[in-house]
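Examining the three-dimensional arrangement
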Amino acid sequence: MNAPLALRRATIDDVPAIIALLADDELGRRREMPDDRDPYDASFAAIDADPHQLLVVGESNGDIVATMQLTFIPGMSRRGTWRAQIEGVRVASSARGAGIGERLIRWAVEQARDRGCALVQLTSDASRTGAHRFYARLGFVASHTGFKLDLSPADREVRMS
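Analysis parameters
- Residues numbered from 1 in each chain as written.
- Predicted model: local features only at pLDDT ≥ 70, side-chain atom pairs only at ≥ 80, totals over all residues.
- Heavy atoms only, no water.
- Salt bridge = Lys/Arg side-chain N within 4 Å of Asp/Glu carboxyl O.
- Helix = DSSP H or I, 4+ residues; strand = E, 2+ residues; numbered from the N terminus.
- Buried < 20%, exposed > 50% of the residue type's maximum accessible area, 1.4 Å probe, protein only.
- Phe/Tyr/Trp six-rings, centres within 6.5 Å; stacked < 30°, edge-to-face > 60°.
- Polar contact = N/O pair within 3.5 Å; in protein donor to acceptor, adjacent residues only side chain to side chain.
- Contact = heavy atoms within 4.5 Å.

Next up on the list: the pattern of salt bridges. Under the definition given, this model contains 8 salt bridges. Ionic pairing is found between Asp 41 and Arg 37, a salt bridge with its closest N-O pair at 2.9 Å. For Glu 110, the salt bridge goes to Arg 113, with nearest N and O atoms at 2.6 Å. With Glu 110 and Arg 113 both in helix H5 (residues 100-114) and 3 residues apart, the pair spans about one turn of that helix. Of the residues examined, Arg 113 reaches a relative accessible area of 52% and is grouped as exposed. Three or more residues joined by partner-sharing salt bridges are found here, namely Arg 8, Asp 14 and Glu 59.

In structure tokens form, the structure reads like this:
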């Protein structure tokens, strides 16, 4: 089923809906703090001011049902290749299975092409096996192993003790 979907650059008024989408799954419920908007507003301002960032929402029937962030990254490797990083992809649980995620990712790939990127990359939490199958179906290849170092204050206290 194909639900109507309009993709557009996010505005500050969309922040509450974006936060709700980020918190709309098991991992997000543990990581997000929807009642504390200040850090989200500050992050939105930085993203919105950066020409290499694009925070997007998807609207269907007047509701925001999807979001993602695209970051356009210049690089020295691969002969100065630009790449697009897809991050924070979320589709509302009530809208999953309607083809919205696929349209969101295909739109992101077209944006990357339009900006001259030679690569599109993304990461997905190791526990999100359904998302891994989804990205593979769209042509993404699990070609690298990713590593992260958490620098949040709580993690820093654990490492220093």
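This brings us to the packing of aromatic side chains. Counting across every chain of the model gives 2 aromatic pairs. Ring geometry for Tyr 135 against Phe 140: centres 6.0 Å apart, planes inclined by 70°, an arrangement best described as edge-to-face. One aromatic cluster in this structure is built from Phe 134, Tyr 135 and Phe 140.

Let's shift gears to the side chain of Asp 14. As for its position among the elements, Asp 14 is in the loop between strand S1 (6-9) and helix H1 (15-22). By relative accessible area, Asp 14 is classed as buried at 6%. For Asp 14, the side chain forms a polar contact with the main-chain nitrogen of Thr 11, separated by 2.8 Å. Not counting residues within four places of it along the chain, the set of residues in contact with Asp 14 comprises Arg 8, Arg 9, Val 57 and Ile 64.

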